[in-house]
Amino acid sequence: MDHYFEEEEFNTQFNGHTLRRIAAQAKPHWRGVAGFVVLIALVSLNDSVFTYLSKLIIDEGILAGDRARLNQLFIIYGSLALVQAAAIFGFIYLAGQLGERIQYELRRKMFNHLQSLSLSYYSKTPIGWIMSRVTSDSARISELITWGLIDSSWAVFNLSTALIFMIWINWQLALIMAVVMPAIVIIASIFKRQILVQFRRARKLNSKLTGAYNENITGVRVVKALTREEKNLEEFDGQATSLYHAAFRAAWLSALFLPIVQLVGAVGLGAIVWYGGWQIEIGAMSIGSLQAFMGYLTFMLFPIQELARVYAEMQNSIASAERIFSLIDAEPEVVDRSYAFDPQTVKGDIHFDHVDFFYDEKKPVLIDFNLRVKQGETIALVGPTGGGKSTIVNLICRFYEPQRGVIRIGGTDYTSFTLESIQSRIGMVLQSPHLFSGAIRDNIRYGRLDATDAEIEAAAQLAHAHEFITAMPKGYDEEVGEGGNLLSVGQKQLISLARAVLSRPEIFIMDEATSSVDTLTEALIQQGMETLMHGRTSFIIAHRLSTIKKADRILVIEGGRITESGSHQELIRQQGHYYSLYTKQFQAEAPHEIDQLFEAKPQPTAEVR
Ligand SMILES: Nc1ncnc2c1ncn2[C@@H]1O[C@H](COP(=O)(O)OP(=O)(O)OP(=O)(O)O)[C@@H](O)[C@H]1O
Ligand SMILES: [Mg+2]
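Residues numbered from 1 in each chain as written. Chains lettered and ligands numbered in written order. Predicted model: local features only at pLDDT ≥ 70, side-chain atom pairs only at ≥ 80, totals over all residues. Heavy atoms only, no water.

Novice: Which parts of the structure should I look at to understand the overall build of the chain?
Specialist: Of regular secondary structure, the chain possesses 20 helices and ten strands. Relative to the 2.2 N^0.38 estimate, which gives 25 Å for 609 residues, the radius of gyration of the chain is 36 Å and therefore markedly larger than a compact globule would have. With respect to the three principal axes, the spread of C-alpha positions in the chain is 125 × 50 × 50 Å. Burial analysis of the chain (609 residues in total) assigns 47% to the buried set. Relative to all contacts within the chain whose residues are 6 or more apart in sequence, the contacts with residues 24 or more apart total 78%. (Helix = DSSP H or I, 4+ residues; strand = E, 2+ residues; numbered from the N terminus. Rg over C-alpha atoms; globule rule 2.2 N^0.38 Å. Buried < 20%, exposed > 50% of the residue type's maximum accessible area, 1.4 Å probe, protein only. Contact = heavy atoms within 4.5 Å.)

So this is what it looks like as structure tokens:
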């Protein structure tokens, strides 16, 4: 399942199951579909009648010199043209409307589903992949349902009405057509297939190239900092050249397609003129009939090309559909159990009981992890990068669930609670806080949607975010930019803190930003956190000396295990990992404190199991 986002994995052959699912998308709109199919049938019938009228005009009007008949035929021709115009307008309008609806529904369905998926899906699936499902693939499916259906039904109706009229006029000539037409169909389909293969190659290369663009643009700072421009350009050049070649081959084949179809058509036309001319000579056929026949032949060439095109595009759309369905079918890994309930509160001790956890089966992160945290306790998690600190809080938030063992909240396995009941009662400030584009005020309101402006400002004040917000030109109405990129990391954390305060959480989690925050902001964050931690079970992934010192208990997490546990003084006295990890930092931050620590009195060891 790891690489399911790669295009190669998708079957591009006709797949009945997928076709049925695509049809199911159109099913609620069957009235619209039936409407435009009927209109298209009308258009095709009219087209055939026009050609037949031309026969009558020649034979019964012009050649017979019958003025009255000619006038009559012109009136019929004119009124049919009006009906034709109205029918064409009708089906294009209906199809456009249907296409938009289907696209809207697909996008809505995907958006909804994406929100329900667990974090594990996002860590495995590139965002770019998801974005092209939502944009280009949904457009392609709606095109298949509308224009694919229009073109193919139009082609089928056109071919069959033309054939009926031809048999009616002269069945022997129609027989010649019956030989020529299949030849064109076969050649056209073979060609289209080849063209498609080339186009698909080009598209695959194109998406690789887009990926390269994407990485380079989003990582532009790093690229510049590492002076990778030269090397990246080389790689880019290689990919762009292959794309050029694939696109060139596709264009070459496409250019060849039309002349060949027309050549075969011309051979058919020659056969008709030759046979028809002889028939006219012996008096077995009228000039108008021959004219109509040639009309029908050219008239049939176009739908055949259309059919070949629709067939080719349909395979593409089916691949699109399979990708969309794979997204819609992706099951969230963390789901509510059928018996899940809302405990009304998640206050209580938190207990990791023999927990095993991995993101990737081959790389266990936590093995037999045990931890008991008392209600109201403040836990500081420290340790080397990649040790498992964020993983522990991810598990508490139930973004992921343990593969083995149990996490209990207040003595109950937390998988018997609904996800919403847990997550809505946890306030979190993440390592790289995410803000949504919009005003600061609305970003804080995310904590509790029904909060009033006064409550929002009160929360910001408690979080000590109020000062910096009011110092901005538009205050609470200041726009934060996409992902909050107009603010500094420290400011984003302060806003996330305010958001957490507003949500009045029962458990508070903070993954401190490691990036340097100025001393003033740092002090503000510290004060805001203290407000929030008061009386709440809190897990702080701490880098700051001040936070760590105030914690009830410090856990050193290394390689997914608790290697040391105790208060600041205790751990310093043990002179273990914590001591060596932090003496350097402490010396830099507050050198005098090291000496004080050794003079501190011994304290009882906190319980760990
Ligand atoms: N989404 C993920 N998918 C796969 N592996 C992951 C994922 N997140 C973390 N890991 C792996 O799990 C291990 C623990 O990572 P974790 O993020 O918990 O570390 P951390 O202690 O928070 O580190 P840091 O101090 O750098 O934030 C690491 O080996 C990491 O590579
Ligand atoms: Mg982390």
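Next comes the rest of the account.
Novice: Looking at this structure, how should I read the environment of F293?
Specialist: Within the element layout of this structure, F293 appears in helix α9 (residues 287-329). Judged by relative accessible area, F293 falls into the buried class, the value being 0%. In this structure the C-alpha to C-alpha distance between F293 and T227, which are 66 residues apart in sequence, comes to 69 Å. Here F293 is in contact with M166, I169, N170, L173, A174, M177, I272 and M285, once residues within four sequence places are set aside.

Novice: Before we go on, may I ask you to explain the nonpolar core in this structure?
Specialist: Across soluble globular proteins, nonpolar side chains have a tendency to be buried as a group. Residues I440, I444, I469, L497, F508, M529 and Y578 are the most contacted members of the largest nonpolar core, which totals 42 residues. It is helix α15 (residues 489-502) that contributes the most residues to this core, seven residues altogether. With residues up to four places along the chain from it excluded, the contact list for I440 reads I469, M472, G475, Y476, E478, V480 and I495. One finds M166, A292, Y296 and L297 within the second-largest nonpolar core, a separate group that totals 39 residues. (Core = buried A, V, L, I, M, F, W, Y, C linked by side-chain atoms within 4.5 Å.)

Novice: Even after reading the chapter, I still don't get the sheet that holds strand β7 (residues 507-511), so can you show me in this structure?
Specialist: For sheets, the rule is that strands pair by backbone hydrogen bonds, running either parallel or antiparallel. Pairing within the open sheet is mixed, and its six strands lie in the order β6-β7-β8-β3-β9-β10. The open sheet has two edge strands with one neighbour each: β6 (426-429) and β10 (561-566). Between one strand axis and the next, the sheet turns through 15 degrees on average, direction left out of account. Examined bridge by bridge, strand β3 (residues 378-382) and strand β8 (residues 537-541) share four bridges and lie parallel to one another. Its bridge partner being in β8, A380 is matched across the sheet by I540. Across the sheet, α15 touches β6 and β7, and the angle it forms with β6 is around 175 degrees. (Pairing = 2+ DSSP bridges. Axes fitted to C-alpha atoms, helices over the stretch in contact; angles between N-to-C directions.)

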